[in-house]
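Observations on the model geometry
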Amino acid sequence: MGALGGALIGVVIAIGASTALFFGANWLFDLAVDRWRTFLATSGALVGALIGAVIAGNDVAGGPLWLWAAVCAVVGAAAGIAASVLGTPSKSSRTRLSERGRLVTFLGPSLLFAALGLVIPLIRSIYLSLLDSRAAEWVGLANYGEILTNPNSLDLSGWTEIFTSRLFYAALVLIAVGLGIGMAVGRRRGRTMEALPGSIGPIAIGLFVLSFAVFTTLRGTVINNLWWVVVVTGLSTALGLAAAVLADGVRGESVAKSLIFLPMAISFVGAGIIWRFMYIARPPQKPQTGFLNAIWVWLGSLRPRTGGAWVAVLILALVTVLLAGLCAFGVKRRQTAFAIGAAVTAVPVLWLIYRFLGPGLGGSVPGPTGEPIAGTILFLQEAPFNNVWLMVVLIWIQTGFAMVILSAAIKAVPSELIEAARVDGATERQTFWNVIIPTIIPTITVVATTLIVLVMKVYDIVKVMTAGNFGTQVIANEMWQKAFTELNFGLGSALAVVLFLAVVPAMAFNIRRTQRADA
Amino acid sequence: MSTATASRPGPASGAIERVDRTGKLIYGFLRRIPTWVLWLMVIVWSIPASSLFLNSFRTRDAQRNSGWWESFNEGGWTLANYSEVLGTEQTGGLARALVNSFAIAIPATVIPVAIAAMAAYAFAWIKFRGREWLFIVFVSLLALPNQVALLPLLQLYAGGAHWTIPGTEFTLTLFPDFDLAGSATAVWLTHTAFALPFAVFLLHNYISSLPGELFEAARIDGADHVTIFWRLVVPLSVPALAAFTIFQFLWTWNDYLVAITMIGSNGEAWPATIRIASLAGEFGLREHVLSAGAFVQAGVPLIVFFALQRFFVRGLLAGSVKS
Amino acid sequence: MKKHRTRSTRLRTSRLLAVVLAFGLIVAACASDDDDDAGEAPAATEAMAEESMDESMDDESMDDDMDEAMDEAMDDESMDDSMDDAMMDLSGTKVTVFGPESSEEEAGAMQDALDVFAAATGIEIVYTGARDFSDQINAQAAGGNPPDIAVFPQPGKVGDFAAENWILAVPDEVQAAIGSQWPAGSLDTVTFGGTLYGVPNKTDLKSIVWYNTEIFESGGYSVPESLTELQILTADMLADGVTPWCVGIESGPATGWPFTDWMEDLVLRVQDENVYDQWVAGDLPFADPRIVGTAEFVLELWNLPGAVYAAGGSIAATPFGDNGEPLVAGDCAMHRQASFFAAFLPEGTSVGPGQTIDVFYFPAVAAKGNRPVLTAGTYVSAFRDAPEVWAVMEFFGSAEYANARQAAQAARQGGGQSGFLSANLNQDLSLYNDLERSFVEILQTASPARFDGSDLMPAAVGAGTFWTEGTSAVNGDKTVAEAFAAIDASWPQ
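Below, the structure is looked at part by part. (Residues numbered from 1 in each chain as written. Chains lettered and ligands numbered in written order. Predicted model: local features only at pLDDT ≥ 70, side-chain atom pairs only at ≥ 80, totals over all residues. Heavy atoms only, no water.)

**Examining the interface of chain C and chain B**
By a frequent convention, interface size equals the accessible area lost on bringing the separate parts together. Contacts between the two partners involve 42 residues from chain C, matched on the other side by 41 residues from chain B. Taken over both partners, the interface formed by chain C and chain B buries close to 3,400 Å², and the fraction arising from carbon and sulfur atoms is 49%. On the chain C side of the contact with chain B, Glu104(C), Arg131(C) and Phe344(C) bury the most area, a combined 19% of that side's loss. Across the contact surface, chain C and chain B share three salt bridges. Residue Glu287(B) is joined to Arg131(C) by a salt bridge in which the shortest nitrogen-to-oxygen separation is 3.0 Å. (Contact = heavy atoms within 4.5 Å. Buried area = accessible area lost by both parts, 1.4 Å probe. Salt bridge = Lys/Arg side-chain N within 4 Å of Asp/Glu carboxyl O.)

As structure tokens, then:
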């Protein structure tokens, strides 16, 4: 109970003192305009008390702290009154002083905390990164050199393999399709390129797939971090936006949003356990306890030309017919986006049919006797896609973050704007793209920037799930291991500085852009 | 569409109507796709957590030998995981740890929200030289990996900051030794520093988009910055403040690293995260109880989320601007 | 109207300020009360300031000047300068102990055992166990907020901390009191430059194989007496379609350590203790053919088709603790793992001679005629120089502690294995159950006994690359030669 009391007293002191400081400072700067003498006397007393406390605290001379503070306060007040006799500055300069003072009141606390908690440690890290592991000897840039030359952090040797990667060609096809559609529609409308969902969509997906092709051939800690940034930032923002938009105004909105938000409320320790249960693999002869492997093995048990596979093919065929209908409907209604969307969705369905008819789908490998047995995926051990399975954990968590902030922004779009657009005859879709999205673009930038930074600094997921083994190491976890496990402060600090420098340009760019948008 | 059909008379109208009815069906189906996608997403998002929820009521052997979806056939139900988490005796037990969590998370949320709102207001609406530049530098600190600040801050809390003036014997105390290391105070002070760049970034984005004419009018009426901030900015920023409050509370409530670094071996000040994680034991022997621990831990943040969710309602902002 | 409003606002503001100021004064008064509680004479402000200077100097230089520290300790007690009094009465003092054992059973039993001493002396002893102790003790020591006593699972770290002057040498009196209670050599592990820095707390026996007796009975297999017999047994089982081994090296952030244990056990057997010592000390590189050869020997065994059952799909994906269930279920016949593994067996498994699961000594090479044993364990070291701290340290080294802990942990585990072993020579062996008593016998008949090498190596290797690169080799991502070259490159200069 004592500790609880102590903690609560600490809270009350802190909040009380902050409030006192805030209102006291404002009161003081009000005085500067109206009552110059009182202002000088009060500020003199405050400065005096502070000096007195410093003198007593540093044991410059004997005597209790309160006495020193009081004596110095009186001296300071007297000095203030004496100074006021010399004359009163003009009203405008007093007003300016008061404005400056208010600025300090508003910004001061934040700047003080940031300086103590962030700026000084940053400077210290830069300094430590130039020293050896025990912070004893100057080694110059050797730590940075070690990061760059270590094959574990950057390994570009496999770059030629990109030309044998199927992802690479899939990406090229997608981009070509997107460009083709854009140009075809554009020519009809007299422009070289037309930005519409049918062209932007394939190009965006193509670029995304292309990044996968690149990141699976170039390996290393640094590459992993970039991969994380692209995938997690992109998907979390997109899915968060989708959830925020789709849930907006729907019956059961709060239930849906709460369930998507739930992962944020679960601690990282809990998340680690949860995803272990999702990814776990067991030997083929045992029932799978991991959800994903259970599905995978079940799919594998649907051998081609057996009952299960025929049922699957039948269902998929129905889906294909449905999609064909939708496509026809879209063409008839001149809804190109629908038509293209349905056609694109049909591609993986047709691929699934092919797999069920031909080579089979899912986890199944020939067993010792030749009979097929269950084949599992070692989600966390099979490089390089184990990185993606780790990213899924963070996407699962951070989509809730993106959703909440974007949802708040969507709710804040003035309803007059939306109503005006509706009155002008805009469809739901047009309202969304032309009114809502432009209004919340600054918020999307904020969310994306925050996620970039958060993802660059990710370490707990990697630490808990793979400990950086199997080619999943990221910079922040490497930094933690170097600095805290091995007590190699030089290398650890250098990694931190690298991480910081890598993120700052992206941040500064985004902030400048939002600022310009405001202006 | 229906008007077009009605305006088209003729013998073929019956067939056209039929086609159109099919079209309407399909159209209605298409219109509902977004809702279905949403609920599909909700289901996908819920599977991992619900699997843990089911498993949290099962024994260790049951968790390992059969999937959670088979739990209704296989059994292995138990409340032992929860009773172990709730009944831990070490360093004051779970109740004490939860109290500590509150003692950390409440100030670590309230104080950053307050001072970041002030700073965001200053960056957005008080004109001063170097404002843009200072803002970029301040928010760029978000990119600093917090781990690098842990040791310097711990040293500050543990021994204060002292500087011996070169060439003299005299040591000046720059920051007194308040003996903060090992206390909840050290933890929320650290959280406050770490939270500020993001808080200012998020709140600045919102506060700077508030209608400037409103503040101009208020200034002409003679209101000073304090009044504008307190009477206009804070009420108008409630959704943003609520959003940040939710996240900051979650992060500080679920934080493990800052807490254990600043508190260290003083188990009596440990928040629930550390208390629960430690139950797993040195080699993860009792890791299965963490499934129960995760839900015990997640209860409070969910309540906070539900409580603050009502602030995300359309028209809140518009309404306040009008009046 | 406007003016009136600003006036009233200001009035309200100043009233608020007054309230807050008044509150601040009260708080200040409270704060000074707290200072009094800390035990300083209120009048002697000068002395107070002086002492805080001393403390800050201690923080920097950390010299173990006994006299000065003793004075300080007595100041704390606000007693007169009589040394005897300080040694006699320690009631009212407090000692904090921080360690890696954190489960309800282990940490609880540790606290129970310490409470015995606390009741006898009046010292308040608080044990706190954290799962990521290894990282945290680094942070706490470097950050200046260490506990009074820490429980180190890695003697190598004790050496690092001694070199940094973070921990204190064990005083001669304590050393004299405990020295005779421990087997020869067990204190050498934490002796650096001729100075003792730690006291043994708990011991683990690593050179044992857990096996399923039912498989052995039905297959007519017998417990192997030599390494060759073990190889033959493995081959026989393979021929009979029995999976001989369960292996798993996953262990969260420490993934890879079971592989290092296999390596160490085999270096001790196939090579000898001299090679082992040189290798652990860094005088023999990992790239040495003898070390590479041992690793290849281990991996060849594991990679024999059908030789290993991996409960998690692959060896690197299987948590070592998950092998308890398949061993009992008969999915594999043997599992080489340390003495604490009993706790990972499914509940209700009968363990011991003639039961479902039994244990045999991991056999040596017959021609050498020795009986090497790999051990591990924890040591306690002190960060604060005070009589109550040394009293607790001495208690850790005593048979009373071993007995109290054994009894408490067995009670908390509810029968069966306690999971706690001590190598203390004076302990009461009747408190042990049969199986764990046989572990103590293996420990006592060991020749030579060697401490887990990865725990002795520098952290960058022993808790770093040896685990991670070893895991790469086990997973087939790298060859042994590639992985071990990387380990050599990471060895701190």
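**Observations regarding the pattern of salt bridges**
In total, this model carries 29 salt bridges over all chains according to the counting rule given. Glu469(C) serves as the salt-bridge partner of Lys478(C), at 2.8 Å between the closest nitrogen and oxygen. On the basis of relative accessible area, Lys478(C) is assigned to the partly exposed category, the value being 24%. You can call Glu469(C) buried: its relative accessible area is 6%. Within this structure, Asp248(A), Glu253(A), Lys257(A) and Lys411(A) form a network of salt bridges that share partners. (Buried < 20%, exposed > 50% of the residue type's maximum accessible area, 1.4 Å probe, protein only.)

**Some thoughts on the packing of helix H14 (residues 386-412) of chain A against helix H12 (residues 238-254) of chain B**
Packing of H14(A) against H12(B) brings their axes to within 10 Å, and their N-to-C directions diverge by 160°. It follows from the interaxial angle that H14(A) and H12(B) lie roughly antiparallel. Note on packing geometry: the crossing formed by H14(A) with H12(B) is right-handed. Contacts between H14(A) and H12(B) involve Gly400(A), Phe401(A), Val404(A) and Ile405(A) from the former and Ala243(B), Phe247(B) and Trp251(B) from the latter. (Axes fitted to C-alpha atoms, helices over the stretch in contact; angles between N-to-C directions. Helix = DSSP H or I, 4+ residues; strand = E, 2+ residues; numbered from the N terminus. Parallel < 35°, antiparallel > 145°, perpendicular 65-115°, else oblique. Left-handed = near helix turned anticlockwise from the far one by under 90°.)

**Some remarks on the state of the cysteines**
Between two cysteines, a covalent bond joining their sulfur atoms is known as a disulfide. All names here are of chain C. Applying the stated rule across the entire model yields one disulfide over all chains. Bridging Cys246 to Cys332, the disulfide has an S-S length of 2.0 Å. Linking Cys246 and Cys332, the disulfide has an S-S dihedral of approximately -100° and is accordingly described as left-handed. Pair noted here: Cys246 is in strand E8 (residues 245-246) and Cys332 is in the loop between helix H14 (324-329) and strand E10 (334-336), with a separation of 86 residues, a long-range link. A relative accessible area of 0% means that Cys332 is categorised as buried. (Disulfide = S-S within 2.5 Å.)

Such coordinate-based values are descriptive only and should not be taken to indicate function.
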